[in-house]
Each structure stands twice: as structure tokens, then as C-alpha cells.
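Residues per chain, in single letters:
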Amino acid sequence: MKSINVQIDKIFAPASALTPADIQALKPEIEQAHAWLHNGQGKGSDFLGWVNLPSSITSAQLDEIEAVAGTLRAEADLIIAVGIGGSYLGAKAVLEALGGSFDSLAAPKKGRNPRLLFAGQNISEDYTWELMEAVKEYDIAAIVISKSGTTTEPAIAFRILRDEIERRYGKEGAARRIVAVTDASKGALRRLADTEGYKTFVIPDNVGGRFSVLTPVGLLPLAAAGIDVRSLVCGAAEMERLTAEAPFGENPAMQYAAARTALYRAGRKIEILASYEPKLQNIGEWWKQLYGESEGKEGKGIFPASVTLTADLHSMGQYIQEGERTMFETVIRVAEPSHTFRIEADGENLDGLNFLAGRRISEVNRMAVLGTMLAHVDGGVPNLAIELPRIDARGIGALLYLFEKACGLSGYALGVNPFDQPGVEAYKKNMFALLGKPGYEQEGEALRKRL
């Protein structure tokens, strides 16, 4: 497979005041971070199972995932993945990248093309009602993904879905149609799965949620949706080997991590991940959690944002071009589209586009990429480019691992533990107190006085 190419030369514009020497100066620091990821001597070393995960996945493990996915596909028109954060973002990102943009127009049908839906990623009453209305006329199954089984959002959704599945198919039928991805031995979901006889897969203890897309957390829903998970894992394993062995100057993860570290220290506090392919929009959503949750600590961290271009050039383009100069841009480019579509000549040429006659739409898109990059660089926005050979399972697998590896390197360079997330507990405690959860009564009374 042709490798993903990371280009950082456009961060050396006058506005950034950076030079190649600044990147080279980070070499010892990034190499030390790389060593910590592989020897387990850095912060958060209990959560480094993702580092060698792709190459450790066996064919037998993939056989089991595909077999269970096949069972769900045979039982259901609609398969509902229940999870939040890393328990759904990776699967959703890969599904939309590798699926057809208009797959939703085809009627779902068990066996051939069941549809993968998502639940438990919000607490919207309207979303929940509309979901349950939408699935009434279809056979359904569920994949519930939770380490504990008590995370509020997915626990509410799963309670509702489990009741519906049991009402339709009985306890025995529900046991065939519900799969739990959870802890190996403890937690509410593990106890329920063991009691009810659900098929289960394990979330590894040493892999945090935002790094879990290449575990059964992501692979099982994707296999159920018909995605080629073997090629996805293969692409990730190839990037694992490359980033483990390549020297600093040829290592895409090290180069990306060094560039963003240098830009952050030069005052660039916001990173915009941009793509010119709508199919990659949810890669941006997954990437935002990966970097935001890993780096946003101790009053530090680059704020991750994302845009889909050229559409967002007509909304966010003005700010990117001329707004406050605290940002830099990382652009995912695709070298070759999967399809060919040429622009035809028009006799009247009222739109003035006959100068494009005979050209592929991808050529126009490519010139938009390059033209926008030059405009943004001239406007004082340093640019990095990550070029995918094409959007396919191997390429997406490689991209996911590249971002994961660079995230670990960047987090260590920032001086934080990239693998914990203590800040996300604050809202949960307040929510429980306001809802009157047993044990939170005193806190709830104090909070209500503040509202």
C-alpha cells in the first residue's frame, strides 16, 4: 500500500516565525515520547494497549467478530449500536467514510444490507422517540458498548431498546439479537450479559475508549454493517510498523506531532482539521475527541475544531482567512477518488463553466485544495497536509492509527497524561445531584440554589 504522506513545509510561512530548525530541535523530545509509548515508562502507561493493537489482532479474533456480525445481519434489518464517545465515534466515522453517501436511500434488509444506527450518544427525548418510531416496521438487533453498563446516556438507551427487543422476540430471541461489548469480569453490563446469555466481547483494560476503534468496540458494529474490517486492521498494522521503525525525518506520526507541538509553543492554540471529502466529516468528529480528551488538561492543550470544505468556506472561510491568528490548519487530502465524473460542455455556457469541459470534478476539487491552502498561508494560517492515497479500508485504518500515535507523542510533549480524562466527571456529578440520585442529596440542594 502506498503510504500516507504528511507534509509540514507550509507551516514555515513568515506569520508562524518557524523554521525547519525548530522542528529538528524537537527531535530528542519527540523521540523520547516515542520511547515512552513503547517502553511504558511515561504517564498513563496502563493504557498503552492500543500501541501494538493492530499487529496483535489475530485471524481467529476477526473470524469470531465476523461470525457474530453475520448472525446479527441474518436476524435484523436494523442493527443499533449503543454507546457514547469512543464507544461510537470511531465506528460512525469509519462507516461514513467507507459506506456509500446515499446508502440510506436503499431499503434495509437482513442478510444483504442491514442498516447500522446509533443510540445512547445523547439524552434527547425527541431523538429517542423518533428512533423507536423508525424501527417499528423492521427487525432489530443491538450491540451495546459500555465498560461499566452504568454510563447514563447509553444505559437509558439500552434499557429502552432491551425492553422493545424482549417484547418482540422474548428472552430467548433477545439473547440472539443482543451483543454486549464490555468488561471482562465486572460491571452492571457484564452481570446482565452473563445472566441473560448475551454473546459478549471484551473491551481491553489497557485501551481507553477514544483509542478503541480497532477493538471489538469498533470492529463488531463495522463488520455488522458490511465493512471490510480485515483490510481496516491491515492498514492500521502497516502504519503501526512504519511509525515504530521510521526515523524522525521520515516518520509521519513524529512529523505531525513535532509540527503541532512547535506551532502550539509559537502561540497557535487552535487546530482546524479540514477535509474536502464529505465522507470524512465524521473522521473529524472522532479526531476531536481523540485530541481534545487527550490534551485538554492542566490549563493546556490545542483546541481541536473541524470543517468540511469547500462547503464551510462559505461559512467559516471568512474567519479562517482573516480572523484572530491563533489557529493552524491540518488538511486531509485524497490523492485519487474512487469514481470518475467529468464535466460536460454546454452549448449556451450561461454559467461560464465551459473552460472546465472534459475535466474531472476531482481536478477542480484539487485546485480548490491548493488554492485555499495558498490563500490561508498568505493570510497567516500555517498549513499541514495529510494525504491519503484513496479512501478505502486500508487507508482509513492507517489514518486512524497515525492520528492515535501522533496524539500520544503530542500529549507527552505537552507534559500531560494523554490517557486519562478526569475533567469529564464534573458534569456527571452535577447531573446526578440535580436528578436526586441517592447519595447526592446534599450536593443537589446546593446546586439548585445556584441555578
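Residues numbered from 1 in each chain as written. Predicted model: local features only at pLDDT ≥ 70, side-chain atom pairs only at ≥ 80, totals over all residues. Heavy atoms only, no water.

Thoughts on the overall build of the chain
The criterion, for reference: Numbering goes from the N terminus for both helices and strands, where a helix is a DSSP run of H or I of at least four residues and a strand is a run of E of at least two. Put simply, the radius of gyration uses C-alpha atoms, and a globule should come to 2.2 Å times the residue count raised to 0.38. Burial here depends on accessible area, computed with a 1.4 Å probe over protein chains only, as a share of the maximum for the residue type. Under 20% is buried, over 50% is exposed, and the range in between is partly exposed. Contact criterion: two residues are considered in contact whenever any of their non-hydrogen atoms come within 4.5 Å of each other. To be clear on the numbers: accessible area is Shrake-Rupley with a 1.4 Å probe, and residue cover counts the displayed protein chains and nothing else. When charges are counted, Lys and Arg are positive and Asp and Glu negative, with His and the chain ends excluded. The atom standing in for a charge is NZ when the residue is Lys, CZ when it is Arg, CG when it is Asp and CD when it is Glu.
Of regular secondary structure, the chain possesses 17 helices and 10 strands. Against the globule reference of 22 Å for 451 residues, the chain gives a C-alpha radius of gyration of 23 Å, in line with a compact fold. Dimensions of the chain, computed from C-alpha atoms along their principal axes, come out at roughly 65 × 60 × 50 Å. Counting over 451 residues, the chain shows a buried share of 49%. Sequence-distant contacts, at least 24 apart, represent 78% of the contacts inside the chain between residues at least 6 apart. Of the roughly 20,500 Å² of accessible surface on the chain, a fraction of 53% belongs to carbon and sulfur atoms. Taking the 49 positively charged and 57 negatively charged side chains of the chain as two groups, their mean positions are separated by 3 Å.

Examining the sheet that holds strand E8 (residues 303–308)
Short version of the rule: Only strands joined by at least two bridges in the DSSP assignment are considered to pair. Each axis is a line fitted through C-alpha atoms, taken for helices only over the stretch in contact, and angles between the N-to-C directions span 0 to 180 degrees.
The 5 strands lie next to each other as E1-E10-E9-E7-E8, forming an open sheet whose pairing is mixed. Both edges of this open sheet fall to strand E1 (5–7) and E8, since each of them pairs with a single strand only. Within this sheet the neighbouring strands show an average axis-to-axis angle of 20 degrees, counted without direction. As defined by bridge partners, strand E7 (residues 270–275) adjoins E8 across 6 bridges and the pair is classed as parallel. Counted as the bridge partner of Leu-273 is Ser-306 from E8.

Here we look at the pairing of strand E6 (residues 199–202)
Regular strands place side chains that alternate from one sheet face to the opposite one. Filter applied, for reference: The handedness rule is simple: strands pointing away from the viewer, and a clockwise path from the first strand over the helix to the second, make the crossover right-handed.
Of the strand pairs in this sheet, strand E5 (residues 178–182) and E6 are connected by 4 bridges, and their pairing is parallel. In the strand pairing of E6, Val-179 is matched with Lys-199. Crossover connection from E5 via helix H8 (residues 188–196) to parallel E6: handedness right-handed.

Some words on the side chain of Thr-152
Tracing the chain through its elements places Thr-152 in helix H7 (residues 152–177). Taking relative accessible area as the criterion, Thr-152 reaches 16% and is therefore assigned buried. Those residues in contact with Thr-152 that lie beyond four places of it in its chain are Met-431 and Phe-432.

Let's talk about helix H4 (residues 59–75)
The following threshold applies: Multiply 1.5 Å by the residue count of a helix minus one, and that product is the helix's expected span. Note: the arc covers the axis-to-C-beta directions of the helix.
The terminal C-alpha atoms of H4 lie 24 Å apart, and with 17 residues this matches the ideal 24 Å at 1.5 Å per residue to within 8%. Among the residues of H4, Leu-62, Ile-65, Val-68, Ala-69, Leu-72, Arg-73 and Glu-75 are the ones counted as buried. Around the axis of H4, the buried residues are gathered within 165 degrees of arc, so they sit on the same side. Exposed residues pointing more than 90 degrees away from the buried face of H4 are listed as Ala-60 and Ala-74.

Here's the deal with the sheet that holds strand E2 (residues 78–82)
The strand order across the open sheet formed by 5 strands is E3-E2-E4-E5-E6, and the pairing between neighbours is parallel. Edge positions in the sheet fall to strand E3 (115–119) and E6, since each has one partner strand and no second. Taking the axes of each pair of neighbouring strands and ignoring which way they run, one obtains an average angle of 20 degrees across the sheet. Note: E2 against E3, 5 bridges, orientation parallel. Across the sheet, residue Ala-81 finds its bridge partner in E3, namely Phe-118. Sheet strands touched by H7: E2, E3, strand E4 (140–145) and E5. Its angle to E4, the strand with the most contacts, is close to 130 degrees.

Focus: the packing of helix H2 (residues 27–39) against helix H11 (residues 252–265)
The cut-off we apply is this: These descriptions rest on fixed angle ranges, namely under 35 degrees for roughly parallel, over 145 for roughly antiparallel, 65 to 115 for roughly perpendicular, and the rest for oblique. Crossing handedness is read from the near helix: turned anticlockwise from the far helix by less than a right angle, it gives a left-handed crossing, and turned clockwise, a right-handed one.
Two elements in contact, H2 and H11, have axes whose closest approach is 10 Å; the angle formed by their N-to-C orientations is 125 degrees. Classified by the angle between their axes, H2 and H11 sit oblique to one another. At the point where H2 passes H11, the crossing takes the right-handed sense. Contacts between H2 and H11 pair Glu-29, Ile-30, Glu-31 and His-34 from the former with Met-254, Ala-257, Ala-258, Thr-261 and Arg-265 from the latter.

Remarks on the pattern of salt bridges
Formally: We count a salt bridge whenever a side-chain nitrogen from Lys or Arg sits within 4 Å of a carboxyl oxygen from Asp or Glu.
Counted by the stated rule, this structure contains 32 salt bridges. Lys-297 serves as the salt-bridge partner of Asp-420, at 2.9 Å between the closest nitrogen and oxygen. Residue Asp-420 is located in the loop between helix H15 (393–414) and helix H16 (425–435), and its partner Lys-297 is located in the loop between helix H12 (281–295) and E8; the two are separated by 123 residues in the primary sequence. A residue is classified by how much of its surface remains accessible, and Asp-420, at 27% relative accessible area, is partly exposed. For Glu-445, the salt bridge goes to Lys-449, with nearest N and O atoms at 4.0 Å. Of this pair, Glu-445 and Lys-449 both sit in helix H17 (residues 441–450), separated by 4 residues, roughly a single helical turn. Since its relative accessible area comes to 46%, Glu-445 is described here as partly exposed. With a relative accessible area of 66%, Lys-449 lands in the exposed category. Taken together, the salt bridges that share partners define one network made up of Lys-147, Asp-183, Lys-186 and Asp-205.

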